[in-house]
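What follows is each chain in one-letter form.
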Amino acid sequence: MLRFLVRRTLGASVIILLISAITFFLFFALPSQPAMLSCGKNCDPAAIALINRNLGLDDPVPVQYWHYLVGIFAGRDFSLGHCPAPCLGYSFNDQTLVWDTIVDRYPTTLSLAVGGTVVFLVVGVGIGMLAAARRGTLTDKVFSSLSLVANSMQIYFVGTLALWLLVDSTGWLDRPAYVPITRDPVGWFTGMLLPWLILSIVFVANYSRMTRSQMIEQLGEEHVRTARAKGMSRSAVFFRYAWRGALAPIVTILGIDLGSLFGGAMITEFTFTLHGLGRLAVESVTEKDLPMLMGVMLFSCTAIVLANIVVDALYAFIDPRVRLS
């Protein structure tokens, strides 16, 4: 197991390094000068030269990339002041540290993503298992039809409709807002409940159909039929053998869906006016705040890669053949 995790960690480190390099060099491939983006329209050559010196843009691009990497691990000194590790630079707009802004925004996105994942896994897998257990019945047909309808839904449409119906018209749910869980657990839950439900709606449809098909396939396997022939109860066979066999592909797809989950979180944040990393990324694009955009991209990609390592470890725990390969 340890060797398995070491291999995955080394591979993830290479991926993160490549992402940082691609992001950094694409930054300088833009036709606009970075100093011009920071300075604005009314800017003279002296101001541009000062900005280049303050932000460390005078050196060749490879040297700047090396300084960028060193800053992430050891900090970096700018004319604006010292940027402690992990240093992702200063924002072009307000000259604040990129890392501090990301740390301030990340809990909102983390709460949204984790809560949405729990909802669509519990509901989606539960519905899929129920549909497989009642294969061919009215229950199965109803759930299958609803999953097709849910899969065609768009977050911004369903979110706006749910906001009007469940918050503005009836008042059944609180208006979405992020409150730190350490300060007010109940407010955190009620403020994030509606975004969780909307974010998970498309994923629920996918995971319910996938779970149903995997469970039906596992129930037809020889070892499952043998267990039933030996007299084991249907529920024991269902949960002890079929469910565990169907779980491994679901975990695999979960690792692939982590990137899509971040994209869905971005749309959800805009729909419910939540100030997370997704909203920060769009604001950075709109305002041409490239250091902030680079920081968000690098941070988000690193979080997704690390989450994939956790998923890989979970997959290896579920299926011992992965640890032995």
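Now for a quick tour of the structure. Owing to the predicted nature of the structure, the values given are computational and were not obtained by experimental measurement.

1. A few points about the overall build of the protein chain
Thought 1: Along the backbone of the protein chain there are 13 helices and two strands.
Thought 2: If one aligns the C-alpha atoms of the protein chain with their principal axes, the spans along those axes are about 85 × 55 × 40 Å.
Thought 3: Per-residue burial for the protein chain yields a buried fraction of 42% across its 325 residues.
Thought 4: In the protein chain, once contacts between residues fewer than 6 apart in sequence are set aside, the share between residues at least 24 apart is 65%.
Thought 5: Within the structure as shown, the protein chain displays about 17500 Å² of accessible surface, and the carbon and sulfur contribution to it stands at 66%.
Thought 6: Taking the average place of the 24 positive charges on the side chains of the protein chain and the average place of its 21 negative ones, the gap between the two points comes to 16 Å.

2. Considerations on the environment of Leu 261
Thought 1: Along the chain, the position of Leu 261 falls in helix H10 (residues 234–271).
Thought 2: Classification of Leu 261 by relative accessible area gives buried; the value is 6%.
Thought 3: Separated by 66 residues in the primary sequence, Leu 261 and Pro 195 place their C-alpha atoms 13 Å from one another.
Thought 4: Excluding anything up to four places from it in sequence, Leu 261 contacts Ala 113, Thr 117, Phe 120, Leu 199 and Phe 203.

3. Here's the deal with helix H8 (residues 185–219)
Thought 1: With 35 residues, H8 extends just 41 Å between its outermost C-alpha atoms, more than 12% less than the 51 Å of an ideal straight helix rising 1.5 Å per residue.
Thought 2: The largest bend along H8 reaches roughly 45 degrees and is located at Ile 201.

4. Topic: the nonpolar core
Note that soluble globular proteins tend to have their nonpolar side chains buried in a common cluster.
Thought 1: Ranked by internal contacts, the top residues of the largest apolar core, which has 34 residues, are Phe 120, Leu 194, Ile 198, Tyr 207 and Met 215.
Thought 2: Elements that contribute at least two residues to this core include exactly helix H5 (98–133), helix H7 (155–169), H8 and H10.
Thought 3: Residue contributions to this core peak at twelve residues, all from H8.
Thought 4: With sequence-adjacent residues up to four places away left out, Phe 120 is seen in contact with Val 125, Ser 200, Phe 203, Val 204, Tyr 207, Leu 254 and Leu 261.
Thought 5: Membership of the second largest hydrophobic core comes to 22 residues, among which are Ile 72, Val 98, Leu 290 and Phe 299.

5. Structural notes on the side chain of Ser 91
Thought 1: Mapping Ser 91 onto the fold places it in the loop between strand E2 (81–83) and H5.
Thought 2: Within polar-contact distance, the side chain of Ser 91 engages the side chain of Asp 289 at 2.5 Å.
Thought 3: Beyond its immediate sequence surroundings of up to four residues, Ser 91 is in contact with Thr 96, Val 98, Asp 289 and Met 292.

6. A word on H7
Thought 1: The terminal C-alpha atoms of H7, which comprises 15 residues, lie 20 Å apart, in line with the 21 Å expected from a rise of 1.5 Å per residue.
Thought 2: Of all the bends in H7, the largest measures some 25 degrees and sits at Leu 163.
Thought 3: Where H7 is concerned, the buried positions are Ile 155, Val 158, Gly 159, Ala 162, Leu 163, Leu 166 and Val 167.
Thought 4: Gly 171 sits one or two positions beyond H7 and adopts a positive phi of about 70 degrees.

7. Topic: unusual backbone geometry
Thought 1: Cis rather than trans, the peptide bond between Ala 85 and Pro 86 has omega equal to -5 degrees.
Thought 2: Looking at the secondary structure, you find Pro 86 in the loop between E2 and H5.

8. Comments concerning the packing of aromatic side chains
Thought 1: Enumeration according to the criterion identifies ten aromatic pairs in this entry.
Thought 2: Aromatic side chains Phe 25 and Tyr 65 sit 5.5 Å apart centroid to centroid with 45 degrees between the ring planes, which places their arrangement in the tilted category. Separated by 40 residues along the polypeptide, Phe 25 in helix H1 (residues 2–29) and Tyr 65 in helix H4 (residues 61–74) bring together distant segments of the chain.
Thought 3: By relative accessible area, Phe 25 is classed as partly exposed at 37%.
Thought 4: A relative accessible area of 12% places Tyr 65 in the buried class.
Thought 5: Pairing Phe 120 with Phe 203 gives two aromatic rings, centres 4.9 Å apart and planes at 20 degrees, and the pair type is stacked. On the criterion of sequence distance, the pair formed by Phe 120 in helix H5 and Phe 203 in helix H8 is long-range, its members being 83 residues apart. For the pair Phe 120 and Phe 203, a shared accessibility class is recorded, and that class is buried.
Thought 6: In this structure an aromatic cluster arises from ring pairing among Phe 24, Phe 25, Tyr 65 and Tyr 68.

Cut-offs used in this document
Residues numbered from 1 in each chain as written. Predicted model: local features only at pLDDT ≥ 70, side-chain atom pairs only at ≥ 80, totals over all residues. Heavy atoms only, no water. Helix = DSSP H or I, 4+ residues; strand = E, 2+ residues; numbered from the N terminus. Buried < 20%, exposed > 50% of the residue type's maximum accessible area, 1.4 Å probe, protein only. Contact = heavy atoms within 4.5 Å. Areas by Shrake-Rupley, 256 points an atom, 1.4 Å probe, with all protein chains shown as cover. Lys, Arg positive; Asp, Glu negative; His and termini not counted. Charge placed at Lys NZ, Arg CZ, Asp CG, Glu CD. Expected span 1.5 Å × (residues − 1). Bend = angle between axes of the 7 residues up to and from the residue. Core = buried A, V, L, I, M, F, W, Y, C linked by side-chain atoms within 4.5 Å. Polar contact = N/O pair within 3.5 Å; in protein donor to acceptor, adjacent residues only side chain to side chain. Phe/Tyr/Trp six-rings, centres within 6.5 Å; stacked < 30°, edge-to-face > 60°.

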